[in-house]
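So the chains spell out like this:
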Amino acid sequence: MTETRFDPSAADGRWQRAWDEAACFAADSRSARPKSYVLEMFPYPSGRIHIGHVRNYTMGDVLARYKKMRGFEVLHPMGWDAFGMPAENAAMEKGVHPGGWTRDNIASMKAQLKRLGFALDWTREFATCDPEYYGHEQALFIDLFEAGLVYRKQAQVNWDPVDMTVLANEQVIDGRGWRSGAQVEKRQLDQWFVKLTDFADDLLEGLETLDKWPEKVRLMQENWIGKSQGLEFSFTLSNGDTLPVYTTRPDTIFGSTFVAVAPDHPVAQGVAAQNCDAAKFIEQCKRGGTTAAELETAEKLGFDTGIGARHPFTGEQLPVFIANFVLMDYGTGAIMAVPGHDQRDFEFASKYGLLIPRVVAANAEEADKPFDGEAEPGDGVIVNSDFLTGMAVDEAKAEVIARAEADGWGKGTTVWRLRDWGVSRQRYWGTPIPFIHCETCGVLPVPKDQLPVELPEDVDFSVPGNPLLRHPTWKHTNCPSCGAEAVRETDTLDTFVNSSWYFLRFASQPQDKPFDRDELAKWLPVEQYIGGIEHAILHLLYARFWTRALTQMGQIDFAEPFASLFTQGMVTHETYSQRSADGLQDVFYMPDEVNRASDGATLKSDGSPVTIGRVIKMSKSKKNVVDPDAIIARYGADAVRWFMLSDSPPERDLPWSEAGIEGCWRFVQRLWRLFAHYDASAKGEDKALARKTHQTIAAVAEDIEALGFNKAVARLYELTNAVEKAQPSSTRNEAVRAIVQMVAPMMPHLAEEGWQQLGGEGLLAEAAWPEVDPALLVDDEVTIAVQHMGKLRDTLTAPKGAAKEDLEALALASEKVQRSIDGADIRKVIVVPDRLVNIVT
RNA sequence: GCGGGUGUGGCGGAAUGGUAGACGCCGGGGACUUAAAAUCCCCUGUCCCUUGGACGUGUGGGUUCGAGUCCCACCACCCGCACCA
């Protein structure tokens, strides 16, 4: 017979059409089957998918297809996080409309995703820029407003002068806009805020229930919420003012030797107004670096204001400093400094020659032990502290708070790092905030029957700033209350609002409301959510908030949207560069501009040697990117999918390599030949292969459910190797059928071809996972390791479940073991049934 | 600086306290071929002269009959960060 090859360029499209025609992946809310909601973070339609998307969606797809094979009704939707700045940037740069640009991008990315054969329910597809979607979002925003969870305030905001927009605190990185990189300015503007802090405790406590989230992500959220408990009290200053401070260590109050305020604290500003040295010092503080690492290594600096602060217990006058290490926006912007038990205070006191008394010690005997060059922030017993002496730290904290409250000069306080979520954006391409400003009636929500408030199509991007503000007619309307002329809100919502509830709309999309409560109850929570670690805090926290808010308003019945979260690693690639002619910089080359051999690389154009750099995240600037389309065109969807699953554990980075994808391609063809040579008439049994097959089925299922795709892949290689070595038999045929079924979630096109070849009925996409025979999961013979003093000396074969005495006798009979023992006295023999025998002499 | 993570062949990585290196890639040898591609077979941690043995999971200790795995101390790299009082 002529040797044929699997031709993905023909097969991929054929099966994709077959799945479409059979509507295999449309989720049915009325199905009686158990449900499974598998979701990958929806993409921003930048125009091209990148290899990271391919990895993300392949993982979700394997899970979705597998769950379907296991009898679940699977919801696996896809849509587009379609609002945001790149569309406006494109509008400005290329003179295209953001909407048109976005729609074009969606069309091309959708085609790319289709070519990968993902089992997606495209009937539920939507883009967040669809007026239908953002209209419902406007209704929800109004609901939140009416529930008291949305408010306006004059606030100092981070103004990005390049993007002409306001940024959330979380979106300012090192004083620069997280997207534009421009130096952020401070401005006062009327802003819309969502009361994230109302749910601070709830969001924190909820983390404990998320036992299927990565520990790392829970910790990041916990730190972000930043709950701390302590004492807030006021010092009476020598100039007659009072200075509120916050401390988490009221137990160390007797160890406080100075007070420090932030450079932008009113007290500091007051001093600076009269003292130009103080003003200069404050200016100097502002020039310092702002990153954590810079601040950590920066020298602690202070300015003595000459003001005294009266210690609430001792009555002593403590000097008040302006200090560069105190932050205005945390607590009260002022601290009682305890140099003995806080490292920053210690460094500061050491520099300025202030006293460093000990008030906490390991035990009472060490009450006057000198410090060893650093503060001791730890636990212990209170010393040198009047009525607190002898108490444990926690006891002393409670005692000081109790006394402060009884005497009325302070109170126990919980301080949160978490702030409310500023959602206003002075930008066109977003959800219009559905409010109307009336001179007499104030700020009113747009009546719901007038939603959606749609974006105007005719907008001008030739100048920066918000086109909605400049539009000649759009903002002019009438007050819904008094009917007088009024103006629309021209701010739009942060795109994180769009992604805070899209997973609900996927599950239920009635026309007249955002979602149907009963239908949501069927699908939610998302059983498996998969995405990048970069969304560990913001998106996931906002989405958690949003579902809680909806629960509080009685619209849904669950608090946590994502039962299980998985954060996948990045796809990386080595870099190729040459030194530029002037020797000053590196010139990078794309992987397809380079010939990569095992011992080096050369440039295709002129054969000159190329430096192979480290394996790092794919980025345009380093040109170490591969184009999914080119790879799919060359190797087909299945080889690419297989590569995405092979070798590297999914939570780790995956190094892309040409050799690796070649290996996947060879395996695709190996399987194809296995299927092509299938002989249905083969007879006979092969007990060992039957065991191997059933053990593999059980193990692969376990691996997929734990998202251990690399291990599932390895097991499938093993079984394939065993099958290829086996003689024809009905057992072998059973193994081949099992392979077809097992690779179906991973390489669905090839698997369909194989299924057809083997005479399977209907589409494999609709078929079941192979059954496991539990009797075949255990071997009847086992290999026993024989050790002498813990070192392997021999192995022997014994029946499964053999008696300890028999194993011991067998082990001692081994010539190799006897040689090793060499006549020494046997003190002990350890026998682990079915595993090993260890002889101790 | 703090928090988290990771260290296993040339590379990606497997190993409920029980035969370290499964599986894949790279590499070497061979078969087939006029030749190549494709495919198939064998070898492939290091060292020693072999049968065979010694060493070997970042480093140093410890627990154990037995440690990649558990404990203590350290080192390196990666990621995150907010000097959080």
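Keep in mind that what you see is a predicted model, and the values were worked out from it rather than measured. (Residues numbered from 1 in each chain as written. Chains lettered and ligands numbered in written order. Predicted model: local features only at pLDDT ≥ 70, side-chain atom pairs only at ≥ 80, totals over all residues. Heavy atoms only, no water.)

Here we take up unusual backbone geometry. Note that the residue after Leu451, namely Pro452, is joined by a cis bond; omega there is -5°. By secondary structure assignment, the location of Pro452 is in the loop between strand S21 (442-445) and helix H13 (467-470). Following Leu524, the chain continues to Pro525 via a peptide bond in cis, the omega torsion being 0°. The backbone of Ala23 shows a phi angle near 50°, a positive value even though the residue is not glycine. Note that Ala23 resides in the loop between helix H1 (8-22) and strand S1 (35-40). Of note, Lys623 is a non-glycine position whose phi angle comes to about 60°, a positive value. Assignment of secondary structure puts Lys623 in the loop between strand S31 (609-617) and helix H18 (628-645). (Helix = DSSP H or I, 4+ residues; strand = E, 2+ residues; numbered from the N terminus.)

A separate point is the protein's contact with RNA strand B. The local shell around RNA strand B holds 53 residues, among which Asn223, Thr247, Thr248, Tyr330 and Asn838 are the closest. Across the atoms of RNA strand B situated within 4 Å of the protein, the share located in sugar and phosphate is 58%. Contact distances for RNA strand B include 3.5 Å between a sugar or linking oxygen and a backbone N or O atom of Arg249. At 2.9 Å from a base nitrogen of RNA strand B is found a side-chain nitrogen or oxygen belonging to Arg417. If you tally residues by element for the surface near RNA strand B, the top one is helix H21 (residues 709-725), at 6 residues. Partitioning the surface near RNA strand B into residue classes produces 21 nonpolar, 15 polar and 17 charged. (Near = heavy atom within 4 Å. Polar contact = N/O pair within 3.5 Å; in protein donor to acceptor, adjacent residues only side chain to side chain. Nonpolar A, V, L, I, M, F, W, Y, C, P; charged D, E, K, R; others polar.)

Turning our attention to the domain arrangement of chain A. For chain A, the domain assignment lists domain 1 (31-133 + 499-568), domain 2 (138-201 + 420-495), domain 3 (227-415), domain 4 (572-660), domain 5 (671-776) and domain 6 (781-840). The centre of domain 1, based on its C-alpha atoms, is set 24 Å off from the matching centre of domain 2. With 31 residues of domain 1 at the interface, the matching set in domain 2 holds 25 residues. When domain 1 packs against domain 2, close to 2800 Å² is buried across both sides, 75% of that on carbon and sulfur atoms. Together, Phe83, Met85 and Phe545 form the three largest contributors to the area buried by domain 1 at its contact with domain 2, with a combined 25%. Linking domain 1 with domain 2 are 0 salt bridges. Summed over the shared surface of domain 1 and domain 2, the result is 9 residue pairs in polar contact (both at pLDDT 80 or more). (Domains from an automatic or database assignment. Contact = heavy atoms within 4.5 Å. Buried area = accessible area lost by both parts, 1.4 Å probe. Salt bridge = Lys/Arg side-chain N within 4 Å of Asp/Glu carboxyl O.)

Of the two faces of strand S10 (residues 258-261), the one carrying Phe258 and Ala260 and the one carrying Val259 and Val261 are both buried. Pairing of S10 with strand S13 (residues 334-337) involves 4 bridges; the strand directions are antiparallel. Along S13, the bridge assignment pairs Ala260 with Ile335. (Buried < 20%, exposed > 50% of the residue type's maximum accessible area, 1.4 Å probe, protein only. Pairing = 2+ DSSP bridges.)

Summed over all chains, the structure comprises 40 salt bridges. Between Arg505 and Glu132 there is a salt bridge whose closest N-O contact spans 2.8 Å. Here Arg505 is found in helix H15 (residues 502-507), whereas its partner Glu132 is found in helix H5 (residues 131-146), with 373 residues between them in sequence. Classification of Arg505 as buried rests on a relative accessible area of 4%. You can call Glu132 partly exposed: its relative accessible area is 40%. A salt bridge links Lys513 to Asp516, with the nearest nitrogen and oxygen atoms 3.4 Å apart. On the basis of relative accessible area, Lys513 is assigned to the partly exposed category, the value being 33%. Ionic contacts of the salt-bridge type, sharing partners, join the residues Arg48, Arg115, Asp627 and Asp629 into one network.

Taken as a whole and judged by the stated rule, the model has 2 cavities of 30 Å³ or more. Approximately 60 Å³ is the volume attributed to the second largest cavity. Contributing to the lining of the second largest cavity are Phe25, Arg65, Met69, Ala744, Pro745, Pro748, Glu752, Leu764 and Ala765. Among the secondary structure elements, those contributing two or more residues to the lining of the second largest cavity are helix H2 (51-69) and helix H23 (748-757). (1 Å grid on protein atoms, 1.4 Å probe; cavity = no way out; pocket = protein on both sides within 12 Å on 5 of 7 lines; lining within 4 Å. Points joined across faces, edges and corners; volume = space filled by probe spheres on them.)

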